[in-house]
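Below, each chain spelled out in residue letters.
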Number of protein chains: 2
Amino acid sequence: MVEHSSLDTMFLNKYCPSSSSSSSSSSSSSSDRDGKLLHALRGSLGKKYPQKSGEVLSAQYGLNLLLVGVSLMLALAYQGPSASEETVLAFLSALMLLQLFWMGCYMGRRERRRSAPPERDAHAATSWIKGGLTMLALLSLIMDAFRIGSFVGYQACVSVMLGVYPVVHALHTISQVHFIWFHIKDVIKRYETFERFGVIHAVFTNLLLWSNGVMTEAEHALNDHKKRLAALGYLNFTVGSEEPNCNCTTSACSMFSSSLYYLCPFNIEYHIFVSALLFVMWKNIGRKLDQQTKRKQGSTGGSCLLLGPMLGLLALASSITVLTIYIIHVEESADAREAAISMYYCFGIVILACMSAAGAVGLLIYRVEDWPMDTTPNPARTLDSKLLLGSSVGSWLLSWCSVVAVGGAQSYPSYRWSSLAYALLLVLEKCVQNLFIIESLYRRRLEPGECPPNSPSHREIYSVTATMAPPYDGIINHAFESSDRHREVLQTSKPDNNTFDKTKDVSLPIGLGVKSSPSRKRQVLKNIAIFLFMCNISLWILPAFGCRPQFDNGLEEASFGFPIWSTVLNFALPMSLFYRMHSVAALFEVFRKI
Amino acid sequence: MVEHSSLDTMFLNKYCPSSSSSSSSSSSSSSDRDGKLLHALRGSLGKKYPQKSGEVLSAQYGLNLLLVGVSLMLALAYQGPSASEETVLAFLSALMLLQLFWMGCYMGRRERRRSAPPERDAHAATSWIKGGLTMLALLSLIMDAFRIGSFVGYQACVSVMLGVYPVVHALHTISQVHFIWFHIKDVIKRYETFERFGVIHAVFTNLLLWSNGVMTEAEHALNDHKKRLAALGYLNFTVGSEEPNCNCTTSACSMFSSSLYYLCPFNIEYHIFVSALLFVMWKNIGRKLDQQTKRKQGSTGGSCLLLGPMLGLLALASSITVLTIYIIHVEESADAREAAISMYYCFGIVILACMSAAGAVGLLIYRVEDWPMDTTPNPARTLDSKLLLGSSVGSWLLSWCSVVAVGGAQSYPSYRWSSLAYALLLVLEKCVQNLFIIESLYRRRLEPGECPPNSPSHREIYSVTATMAPPYDGIINHAFESSDRHREVLQTSKPDNNTFDKTKDVSLPIGLGVKSSPSRKRQVLKNIAIFLFMCNISLWILPAFGCRPQFDNGLEEASFGFPIWSTVLNFALPMSLFYRMHSVAALFEVFRKI
């Protein structure tokens, strides 16, 4: 108990070093009042430091951690005198070690208090998400092994940090996966302020590791771009100093460095996913759980999954084909390059049109179905929706830049109009898919004996309980607040019979006409979800492994100039990649839920 | 009633043009089911389109509107062939006209239904915020008048859009201020989906006008920077083509263009403020208001405001002095430049140290006081807190970049260490100020007869109602959830007498020792709020009118390179300016509330 209050004080002192010294200097007239304040403070600080302040304080700590890292990386990107790669790696290693220390403390405390297991948020991370993360973590571990191997080969001429970093990272990955498996669902209610700092430290450490990965990738893509331009004779490109200045003492160095290129995307996705999970854990600290949300959703057997998976596999196979052809042809000649880019856009138009159509059909089914809304508080779901919308911004920006570029283009390559169509379809597809995923996450299946909220039997019940008021208003859309409706009906006091009659007229025939085959509709939705799932994997693979026509087509570069356009790409492409991976996860959730 | 459902359908069709055509093409095997779907859809669409989907759909529309504008502005920044200034101005004018049309529709409908006035959110925009906005709007109108005057002078050689835009902007400003005065508190419950689109359109139109202003300012700052370097002989700078290619036919053109420079910052703040207010209105759509939140907070008379306003006025006066000296000296010679920058940093260190101290004293007072927490739902307050934290990121990034730059600097100007101290104090000051403002917004004053939640009398009541459980847990900080505590106490079933005894021991003497003079503490808090208020105005004035040592000191430019550093500045400085203006508003709110 004493431990807590001293920790709290420690954090305040660490964070506001001037608070004790400055309070006496600023108001010198009333020093005895200050003495009383400080005396009272010492006791009351640990006792009731408000939750909201703990939240704000730890959020500020996390943001500043991120910004320190970002400014170091910016200095590294310029290759100026301020920061070398070792500085950044040392900083990241220190953060990881601190996180390891905190995770150790946390798990040790949990172990000691085995008799009182913490409350758990059932929505926080399903076991298939944990499984997926473990896969990504394994690939990250392989990457670490390759990095260590590469360090051993070049040991003579590279900094020792290049060897320390992968060791720390491997250790960090293993402990973090263990932590996620056993503790990510915990709802922390003890030592809140201390744990808040620990969890937010973990969130932003992973975000920084993600930024570092993204920056490495961006550098790589830029080098690729220059190499391709050099291959076509546009640019005099001398192969940069990516390789160290000494010979490799083992025979596997080139294998290591080429494999790293293919493993890096998985490592990037691993870190961003972990930080989203940890963020939900941070939001859950001190939360009071609803006891009634423990309903288990069993899946109905006998699914008829044929069209969705088949079309999805087709999309996956063709995207891998497109990737291979693109990467080979784009370096060959100007004509082959143009053909490769055209092929990419045509493929994109077809797959995006199919995805938009599938999403629209899903939305139509929701419009005619009367499944109830799930309004229980769920930080994981709220975060999912916000992340989907937020990360769409990246590729929408790319799309609108393409539209502007095509609109004002001075050169007329053959893929001009297909690029325009591709950009517009990309906007449409993400809009439809976001709507579909968010609506799916907020719907819940009907229980066996439950009536849909808008069915005649429900209406009659409402009519009986509230004779003065319309049971369901056609203008005010409260479909998402179904749990409140009963109360609302009882409170409403203004009669509006006109509305009531009209909606009643419209709704009854529909209520009777549509309820023909809910299980068949569910089959359709399941097929749509699995199809979109595989399409999103395809659209992740293409840019993740080097198929980035935004670099190669030249249209946008002519309109925005290379500096602006490469900045936009470095900002938007990582978001776009994250969007695809995140919708893969969300669509799998949707698939299991329907 | 019919109007609504057709509007809803119209939006869905407009937004998802492929939804009706694609549904038949994608699943050709079962066309009669699709027919049934479409038939059912026509009736049910308008009836119960869920609120959440309307929210997501309109958010997506707004985001895409913003991104179209941003990509046009990026193309303009490159001065490539794709976009000219007229394109951007025409786009903005079209958006403003569309917003005018929507506001007209909205006000007309409200006028027709005068008998049923809408519910109002009392927290949405206080009258002093409206007053401040009206001032900013007046300055914007003057700017429009100057722009029109400038257009008349250069009429012969500039595009007609340069004349149309300020006229539309003036019209837009007048109607928008009228709208804000009479309708910003409305909680919309009719035609929800349509109004959602209208409000979000207004939000993002204002955000785009803000971006446009920020871009003009950034260009201006860059030109200033180049001019200063040219004056010192570092750079061969030919005065750019800012002026049109013909002679001004009136005598006031140069007066107009120099005045525009000083009016632009107010116009920028006007637009960002309006979009924040409209965003709260958007969040309020369809919200159910708590009836009990209508408590009026009268201010206690007889305030003793002396130290705070005096110190604040001192800060304001000295910052204007610093601004004048800085702008004159920074163009003179290398030595005068260095002296001016040193002076700026010294002034900054003093003012930031005072502000941190004041904020820390405020936080200390909250730690020893037992004022209850206000936990009523309030979108305006939530947005305020998030905007404060979010906009701090800009200047924190600048600070950490400075720290990295000083850490790795190769040159040693005299202001090196003062720049480091300034950067670190800036981080500290924003952390403390954010904590102070957010805690102040969440506290509420004690009612005359009310006991503080932690006082002995309260404790006894709790002890009587819940003998099994500790009435107030020293480890679990629920101070922000005081309204739930009673319920929680009744639910808790685990006895933890050890904790209970300890906290009781600690809290009782404090409860008795500190409650000496709550009104005196309130006076101190009021003085702190007014002091911070004026300091934030000072720190807004400095960068808004051209005192930007981040451009002139050369330290960061050496570490990050000019392209990266100017990008960082163009991103972070507008956020930093917005932060200051926003804390001014929040601190005034705090001042009134205490």
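Residues numbered from 1 in each chain as written. Chains lettered and ligands numbered in written order. Predicted model: local features only at pLDDT ≥ 70, side-chain atom pairs only at ≥ 80, totals over all residues. Heavy atoms only, no water.

1. Structural notes on the overall build of chain A
Here is step 1 of the chain: Summing up its helical and strand segments, chain A has 20 helices and two strands in all.
Here is step 2 of the chain: The buried share among the 594 residues of chain A stands at 59%.
Here is step 3 of the chain: Considering only contacts within chain A whose residues lie at least 6 apart along the sequence, 87% involve residues at least 24 apart.
Here is step 4 of the chain: In the form shown here, chain A has an accessible surface area of approximately 24500 Å², with 63% of it arising from carbon and sulfur atoms. (Helix = DSSP H or I, 4+ residues; strand = E, 2+ residues; numbered from the N terminus. Buried < 20%, exposed > 50% of the residue type's maximum accessible area, 1.4 Å probe, protein only. Contact = heavy atoms within 4.5 Å. Areas by Shrake-Rupley, 256 points an atom, 1.4 Å probe, with all protein chains shown as cover.)

2. Quick notes on the packing of aromatic side chains
Residue and element names in this part refer to chain A.
Here is step 1 of the chain: A full pass over the atoms with the stated rule returns 42 aromatic pairs over all chains.
Here is step 2 of the chain: Ring pairing ties together the aromatic residues Tyr261, Tyr262, Phe266, Trp540 and Phe545, which thus form one cluster.
Here is step 3 of the chain: Lying over the aromatic face of Tyr191, Arg109 brings its terminal NZ or CZ to 4.6 Å of the ring centre. (Phe/Tyr/Trp six-rings, centres within 6.5 Å; stacked < 30°, edge-to-face > 60°. Lys NZ or Arg CZ within 6 Å of the ring centre and 35° of its normal.)

3. A few points about the packing of helix H12 (residues 379–407) of chain B against helix H13 (residues 416–442) of chain B
Residue and element names in this part refer to chain B.
Here is step 1 of the chain: Following both chains from N to C, one finds H12 and H13 inclined at 170°, their axes separated by 9 Å at the closest point. Considering their axes alone, H12 and H13 lie roughly antiparallel with respect to each other. Along this stretch, H12 crosses H13, giving a crossing that reads as left-handed.
Here is step 2 of the chain: Grouping the amino acids of the contact of H12 with H13 by side-chain chemistry returns 17 nonpolar, eight polar and four charged. (Axes fitted to C-alpha atoms, helices over the stretch in contact; angles between N-to-C directions. Parallel < 35°, antiparallel > 145°, perpendicular 65-115°, else oblique. Left-handed = near helix turned anticlockwise from the far one by under 90°. Nonpolar A, V, L, I, M, F, W, Y, C, P; charged D, E, K, R; others polar.)

4. Quick word on the domain arrangement of chain A
It is common to report an interface's size as the accessible area lost on association of the parts.
Residues and elements named next belong to chain A.
Here is step 1 of the chain: In terms of domain boundaries, chain A breaks down into domain 1 (48–234 + 252–287) and domain 2 (304–444 + 517–593).
Here is step 2 of the chain: Contact residues are listed per partner, giving 30 residues for domain 1 and 32 residues for domain 2.
Here is step 3 of the chain: Approximately 2700 Å² of surface area, both sides summed, lies buried where domain 1 meets domain 2, with 69% of it carried by carbon and sulfur atoms.
Here is step 4 of the chain: Considering only the side of domain 1, the residues that lose the most area to domain 2 are Trp128, His225 and Arg228, jointly responsible for 26% of the buried surface there.
Here is step 5 of the chain: Summed over the shared surface of domain 1 and domain 2, the number is one salt bridge.
Here is step 6 of the chain: Along the contact surface separating domain 1 from domain 2 lie one residue pair in polar contact (both at pLDDT 80 or more).
Here is step 7 of the chain: Secondary structure elements with two or more residues in the side of domain 1 that touches domain 2: helix H8 (192–231) and helix H9 (253–284).
Here is step 8 of the chain: For the side of domain 1 that touches domain 2, the element with the highest residue contribution is H9, accounting for 12 residues.
Here is step 9 of the chain: Taken together, the residues of the side of domain 1 that touches domain 2 sort by class into 20 nonpolar, four polar and six charged. (Domains from an automatic or database assignment. Buried area = accessible area lost by both parts, 1.4 Å probe. Salt bridge = Lys/Arg side-chain N within 4 Å of Asp/Glu carboxyl O. Polar contact = N/O pair within 3.5 Å; in protein donor to acceptor, adjacent residues only side chain to side chain.)

5. What to know about the nonpolar core
Here is step 1 of the chain: Within the largest apolar cluster, 299 residues are counted, with the highest numbers of intra-cluster contacts made by A:Phe436 and B:Phe436.
Here is step 2 of the chain: Apart from the residues lying within four places of it in its own chain, the contact partners of B:Phe436 are B:Gly359, B:Gly362, B:Leu363, B:Tyr366, B:Leu525, B:Ile528, B:Leu532, B:Leu587 and B:Val590. (Core = buried A, V, L, I, M, F, W, Y, C linked by side-chain atoms within 4.5 Å.)

6. Remarks on the pattern of salt bridges
Here is step 1 of the chain: In total, this model carries 22 salt bridges over all chains according to the counting rule given.
Here is step 2 of the chain: Across the pair B:Asp552 and B:Arg337 runs a salt bridge, and its minimum N-O distance is 3.9 Å. Placement of B:Asp552 in helix H18 (residues 549–552) and of B:Arg337 in helix H11 (residues 334–368) is noted, with a sequence separation of 215 residues between them.
Here is step 3 of the chain: With a relative accessible area of 8%, B:Arg337 lands in the buried category.
Here is step 4 of the chain: For B:Glu439, the salt bridge identified is with B:Arg367, shortest N-O distance 2.6 Å. Of this pair, B:Glu439 sits in helix H13 while B:Arg367 sits in helix H11; the two residues are 72 residues apart in sequence, bridging distant segments of the chain.
Here is step 5 of the chain: Owing to a relative accessible area of 0%, B:Glu439 belongs among the buried residues under this scheme.
Here is step 6 of the chain: Through salt bridges that share partners, A:Arg110, A:Arg120 and A:Asp186 make up one connected network.

7. Brief notes about unusual backbone geometry
Residues and elements named next belong to chain A.
Here is step 1 of the chain: One non-glycine residue, Tyr191, lies in the positive phi region at around 50°.
Here is step 2 of the chain: Positionally, Tyr191 belongs in the loop between strand E2 (186–187) and H8.
Here is step 3 of the chain: On the basis of relative accessibility, which here comes to 10%, the residue Tyr191 falls in the buried class.

8. Let's talk about a positive patch on the surface
Here is step 1 of the chain: A cluster of basic side chains, namely A:Lys283, A:Lys386, B:Lys283 and B:Lys386, defines a positive patch on the protein surface.
Here is step 2 of the chain: Structurally, A:Lys386 is set in helix H12 (residues 379–407).
Here is step 3 of the chain: For A:Lys386, a relative accessible area of 53% corresponds to the exposed category. (Patch = residues over 30% accessible without salt bridge, like charges linked within 9 Å, V, L, I, M, F, W, Y side chains within 5 Å. Lys, Arg positive; Asp, Glu negative; His and termini not counted. Charge placed at Lys NZ, Arg CZ, Asp CG, Glu CD.)

9. Here's the deal with the confidence of the model for chain A
All names here are of chain A.
Here is step 1 of the chain: Model confidence for chain A is summarised by a mean pLDDT of 78, while 75% of its residues fall at 70 or above.
Here is step 2 of the chain: This model gives residues 1–31 a pLDDT under 50, and the stretch forms 48 contacts once residues within four places in sequence are excluded.
Here is step 3 of the chain: Under a pLDDT of 50 for its full length, residues 40–47 has, in the predicted model, 26 contacts with residues more than four places off or in other chains.
Here is step 4 of the chain: For this predicted complex, the interface score ipTM comes out at 0.74, while the overall pTM is 0.76. (pLDDT = per-residue confidence, 0-100.)

10. Points about the packing of H12(B) against helix H20 (residues 562–593) of chain B
All names here are of chain B.
Here is step 1 of the chain: Where H12 contacts H20, the two axes come as close as 7 Å, and the packing angle between them is 140°. Taken together, the axes of H12 and H20 lie oblique to each other. The handedness of the crossing between H12 and H20 is left-handed.

11. Remarks on the state of the cysteines
Residues and elements named next belong to chain A.
Here is step 1 of the chain: Taken as a whole and assessed by the stated rule, the structure comprises two disulfides over all chains.
Here is step 2 of the chain: Across the disulfide from Cys248 sits Cys253; the S-S distance is 1.8 Å. Residues Cys248 and Cys253 are joined through a disulfide that is right-handed, its torsion about the S-S bond being 60°.
Here is step 3 of the chain: In this structure Cys253 comes out as buried when scored by relative accessible area, which is 5%.
Here is step 4 of the chain: No disulfide involves Cys264; its sulfur sits 18 Å from the nearest other cysteine sulfur, which is in Cys547.
Here is step 5 of the chain: Judged by its relative accessible area of 9%, Cys264 falls in the buried class.
Here is step 6 of the chain: Summary of cysteine pairing: Cys346 is not part of a disulfide, and the nearest cysteine sulfur, belonging to Cys547, is at 13 Å.
Here is step 7 of the chain: Residue classification places Cys346 among the partly exposed residues on the basis of a relative accessible area of 44%. (Disulfide = S-S within 2.5 Å.)

12. Here we look at the environment of A:Tyr106
Residues and elements named next belong to chain A.
Here is step 1 of the chain: You can see Tyr106 is positioned in helix H5 (residues 85–112).
Here is step 2 of the chain: Residue classification places Tyr106 among the buried residues on the basis of a relative accessible area of 1%.
Here is step 3 of the chain: Linking Tyr106 and Phe91, residues 15 residues apart in sequence, is a C-alpha distance of 23 Å.
Here is step 4 of the chain: When neighbours within four sequence positions are excluded, Tyr106 is seen to be in contact with Phe179, His183, Asp186, Ile188, Glu195 and Met281.
Here is step 5 of the chain: A distance of 2.7 Å separates a polar atom in the side chain of Tyr106 from a polar atom in the side chain of Asp186.

13. So, helix H10 (residues 307–329) of chain B
Here is step 1 of the chain: For H10(B), spanning 23 residues, the distance from its first C-alpha to its last is 33 Å, which sits close to the expected 33 Å at 1.5 Å a residue.
Here is step 2 of the chain: Those residues of H10(B) that fall on the buried side of the exposure criterion are B:Gly308, B:Gly312, B:Ala315, B:Leu316, B:Ser319, B:Val322, B:Leu323 and B:Tyr326. (Expected span 1.5 Å × (residues − 1).)

14. What to know about the environment of B:Phe146
Residues and elements named next belong to chain B.
Here is step 1 of the chain: Within the secondary structure, Phe146 is located in helix H6 (residues 127–153).
Here is step 2 of the chain: Given the relative accessible area of 18%, Phe146 is considered buried.
Here is step 3 of the chain: Sequence-distant contacts of Phe146, defined by excluding residues within four places in its chain, comprise Phe256, Ser259, Leu260 and Leu263.

15. With respect to a nonpolar patch on the surface
Residue and element names in this part refer to chain A.
Here is step 1 of the chain: On the surface, a nonpolar cluster with roughly 210 Å² of combined accessible area is contributed by Ile148, Val152 and Val167.
Here is step 2 of the chain: Here Val152 is to be found in helix H6 (residues 127–154).
Here is step 3 of the chain: With relative accessibility at 39%, the residue Val152 sits in the partly exposed group.

16. Side note on the side chain of A:Ser418
Residue and element names in this part refer to chain A.
Here is step 1 of the chain: With respect to the helices and strands, the residue Ser418 is situated in helix H13 (residues 416–442).
Here is step 2 of the chain: For Ser418, the side chain forms a polar contact with the main-chain oxygen of Tyr415, separated by 3.1 Å.
Here is step 3 of the chain: Look past the residues within four positions of Ser418 in its chain and what remains in contact with it is Tyr345 and Ile349.

17. Concerning the environment of A:Val160
Residue and element names in this part refer to chain A.
Here is step 1 of the chain: When you line up the elements, Val160 lands in the loop between H6 and helix H7 (161–183).
Here is step 2 of the chain: For Val160, a relative accessible area of 57% gives the class exposed.
Here is step 3 of the chain: Remark: the alpha-carbon pair of Val160 and Glu86, spanning 74 residues in sequence, is separated by 8.5 Å.

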